[in-house]
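Read off the chains here:
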Amino acid sequence: MLTITAIIRVKRGHERVMRDALLEVAENVHADEPETIGFFISRDLEDPCVFTTYERFVDRAAMDRHNNSEVVARFFAIAKPILDGAVTLVTSSELSAKA
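Every value quoted in this text rests on a predicted model; they were computed, and no experiment measured them.

A.B. asks: Just checking my understanding: could you explain the nonpolar core for this structure?
C.D. replies: Inside soluble globular proteins, nonpolar side chains tend to come together where they are buried. Ile8, Val10, Met18, Leu22, Val25, Phe51 and Phe75 are the most contacted members of the largest nonpolar core, which has 18 residues in total. Looking at this core, the elements with two or more residues in it are strand S1 (2–9), helix H1 (15–32) and helix H3 (70–79). Ranked by the residues each element gives to this core, the list is headed by H1, at 6 residues.

A.B. asks: What am I meant to see in the side chain of Arg56 here?
C.D. replies: Along the chain, the position of Arg56 falls in strand S3 (residues 50–57). On the accessibility criterion, Arg56 (16% relative accessible area) is buried. When neighbours within four sequence positions are excluded, Arg56 is seen to be in contact with Met1, Leu2, Thr3, Glu35, Thr36, Ile37, Gly38, Phe40, Glu94 and Ala97.

A.B. asks: Would you mind showing me how to read the packing of aromatic side chains here?
C.D. replies: What describes a pair of aromatic rings is the distance from one ring centre to the other and the angle between the planes of the rings. Scanning all chains against the criterion turns up 2 aromatic pairs. Ring plane angle 35° and centroid distance 6.3 Å describe the contact between Phe40 and Tyr54, whose orientation is recorded as tilted. In this pair, Phe40 is assigned in strand S2 (residues 36–43) and Tyr54 in strand S3, connecting sequence segments 14 residues apart. Residue Phe40 is classed as partly exposed on the basis of its relative accessible area of 47%. For Tyr54, a relative accessible area of 29% translates into the label partly exposed. Residues Phe75 and Phe76 carry aromatic rings whose centres are separated by 5.0 Å and whose planes lie at 75° to one another, so their mutual orientation is edge-to-face.

A.B. asks: What is the right way to read the packing of H1 against H3 from this model?
C.D. replies: The description of two packed helices rests on the angle between their axes and on the distance between the axes. Axis separation between H1 and H3 bottoms out at 10 Å; the angle between their running directions is 175°. By the angle between their axes, H1 is roughly antiparallel relative to H3. Residues Val17, Met18, Ala21, Leu22, Glu24, Val25 and Asn28 of H1 form the contact with H3, whose own contacting residues are Val71, Arg74, Phe75, Ile78 and Ala79.

Procedures and definitions
- Residues numbered from 1 in each chain as written.
- Predicted model: local features only at pLDDT ≥ 70, side-chain atom pairs only at ≥ 80, totals over all residues.
- Heavy atoms only, no water.
- Core = buried A, V, L, I, M, F, W, Y, C linked by side-chain atoms within 4.5 Å.
- Buried < 20%, exposed > 50% of the residue type's maximum accessible area, 1.4 Å probe, protein only.
- Helix = DSSP H or I, 4+ residues; strand = E, 2+ residues; numbered from the N terminus.
- Contact = heavy atoms within 4.5 Å.
- Phe/Tyr/Trp six-rings, centres within 6.5 Å; stacked < 30°, edge-to-face > 60°.
- Axes fitted to C-alpha atoms, helices over the stretch in contact; angles between N-to-C directions.
- Parallel < 35°, antiparallel > 145°, perpendicular 65-115°, else oblique.

In structure tokens form, the structure reads like this:
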């Protein structure tokens, strides 16, 4: 199982746009990506400009399909102008999970 954790900081005033863009990706994952085992979106309790995603994939091919999908490209087209710094991405091999 491969995972990606992304930490996304958005410029103030653009929180709703980021939320909606992330939720669009989540809808697509639920509808069209059976090999994406989990796609979780969170927003920081103290700083509403900070979002986190945690994504779980059955293998590298599933992760690559997701990352190269049209919906992810659309997400980054929306996100790039409103980001406050670089997105932090951590790609990992899952060691343990509670399902």
